[in-house]
Amino acid sequence: KDSAVKHAYSDGFYNDRASRTAHFADRITSLLMEFFRPTSAVDLGCGVGSVLKQLHAKGCSTILGVEGNWVDEKHLLIAPEQFQRADLTKPFKADRIFDLGTSFEVAEHLDLRHADTFVDSLCGLSKQIVFSAAVELQGGVHHINEQWQSWWALKFEQRGYSAFDAVRPAMWDDSSIPSWYRQNTIVYLHRSVAVPPAVAEHRVENLSLLDRVHPELFVQKARLATTGLRSMVKRLPGAAHDSLIRRIPGLGR
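Note on numbering: residues in each chain are counted from 1, in written sequence order. Reporting in this predicted model follows two pLDDT cut-offs: at least 70 for local features of residues, and 80 or more for side-chain atom pairs to be given and counted; totals over whole chains, interfaces and linings ignore these cut-offs and use all residues. Hydrogens and waters are ignored; side-chain quantities use all the structure's heavy atoms.

(A) Spotlight on the packing of aromatic side chains. Pairing of aromatic side chains here covers Phe, Tyr and the six-membered ring of Trp, requires ring centres within 6.5 Å, and sorts the geometry by plane angle: under 30 degrees stacked, over 60 edge-to-face, intermediate tilted. A complete count under the given rule lists 10 aromatic pairs for this structure. On the basis of an interplanar angle of 80° and a centroid distance of 5.9 Å, the ring pair of F35 and F36 is categorised as edge-to-face. When its relative accessible area of 9% is taken as the criterion, F35 is described as buried. Note on classification: 1.4 Å probe, protein chains only; a residue is buried when its accessible area is under 20% of the maximum for its type, exposed when over 50%, partly exposed between these limits. When its relative accessible area of 11% is taken as the criterion, F36 is described as buried. An aromatic cluster is built from F131, W151, W152, F156, Y161 and Y188, whose rings are joined through pairwise contacts. Either the NZ atom of lysine or the CZ atom of arginine qualifies as a charge over a ring when it sits within 6 Å of the ring centre and within 35 degrees of the ring normal. Across from the ring centre of F98, 5.2 Å away, lies the NZ or CZ of R96, which sits over that ring. The residue whose ring lies beneath K155 is W151, and the NZ or CZ to ring-centre distance is 4.6 Å.

What follows is the structure, given as structure tokens:
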């Protein structure tokens, strides 16, 4: 399985990922430094370390990236001593608590039965967490547990963390950032920590209000679905084709 996953992540994948995430990494880390002023940070499922590299450059002196065996270390953007391999389906612990814990679009790659373990690992690493994971039907490479934002938020709430929708408003209209980062990134703060003023006003009491799909992703998925439906309709016998076209305006275009 590991070799198959590694094969899926070719040099081309790394290069494409780097170009997609560079601007996001810059924007998100500027926000996180503004919100939390962290001097230490851990990224669970760090990829090649794009976010950590930016945090370090902006003044976060201690960083740790944790990732599975699929990463080729020649592509790392952080120093080898700032990187640790781990099986993210199993509990992960460090010898310290970090000012900030992050995980971006990772949890959907882990089987449902490992979701609680992954959240436990994050909560054991920091009391201030920024987390995103793919929503249902988002799609992607090896997405095997896509869940709504509120599904994850409930897991954090059960561990003493409150949800704050402080990141999405700042990035929502930035088309240079992939839509999934803009729609899925939520802040979770343990109830024992002081909430930064810039974050406090974004507290979410009704977790179902977190469930949101970015219009860009919605349109993309809708167009793909419509294209597939039109292709299917074209193959129908004449009478069936004409009947369906009459019932669904615009399908024949």
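Next comes the rest of the write-up.
(B) Seen up close, the pattern of salt bridges. Each reported salt bridge corresponds to a side-chain nitrogen of Lys or Arg within 4 Å of a carboxyl oxygen of Asp or Glu. On inspection of all chains with the given rule, the structure shows 12 salt bridges. Close ionic contact of R159 with D116 constitutes a salt bridge, the shortest N to O distance being 3.0 Å. Highlighted residues: R159 in the loop between α5 (149-158) and β6 (161-164) and D116 in helix α4 (residues 115-125), separated in sequence by 43 residues. Overall, the relative accessible area of 34% leaves D116 in the partly exposed class. Runs of E in the DSSP output that reach at least two residues are strands. Runs of H or I that reach at least four are helices, and both are numbered from the N terminus.

(C) The pairing of strand β7 (residues 186-190), seen in detail. Most of β7 is tucked away, with 4 of its 5 residues classed as buried. Note that strand β5 (residues 128-132) and β7 share 4 bridges and pair antiparallel. Bridge assignment links Q128 to a residue of β7, and that residue is L189. Across 4 bridges, the pairing between β6 and β7 is antiparallel. Across the sheet, A163 pairs through a bridge with Y188, a residue of β7. Here, a strand pair is defined by DSSP locating no fewer than two bridges between the strands.

(D) Representation of empty space enclosed by the protein in the model. Buriedness of a pocket was judged along seven lines, with at least five required to meet protein on both sides within 12 Å; pockets are open sets of points on a 1 Å grid over the protein atoms alone, cavities are sets where a 1.4 Å probe fits but cannot get out, and lining residues have an atom within 4 Å of a point. Grid points are joined across faces, edges and corners, and a volume is the space filled by probe spheres set on the points. Inspection of every chain in the model, using the stated rule, returns 2 cavities of 30 Å³ or more. In this model, the second largest cavity occupies a volume close to 40 Å³. Looking at the lining of the second largest cavity, the elements that each hand over two or more residues are β5, α5 and β7. Under this grouping Gly is polar, as are all residues other than the nonpolar Ala, Val, Leu, Ile, Met, Phe, Trp, Tyr, Cys and Pro and the charged Asp, Glu, Lys and Arg. Of the residues assigned to the lining of the second largest cavity, the class counts are 5 nonpolar, 3 polar and no charged.

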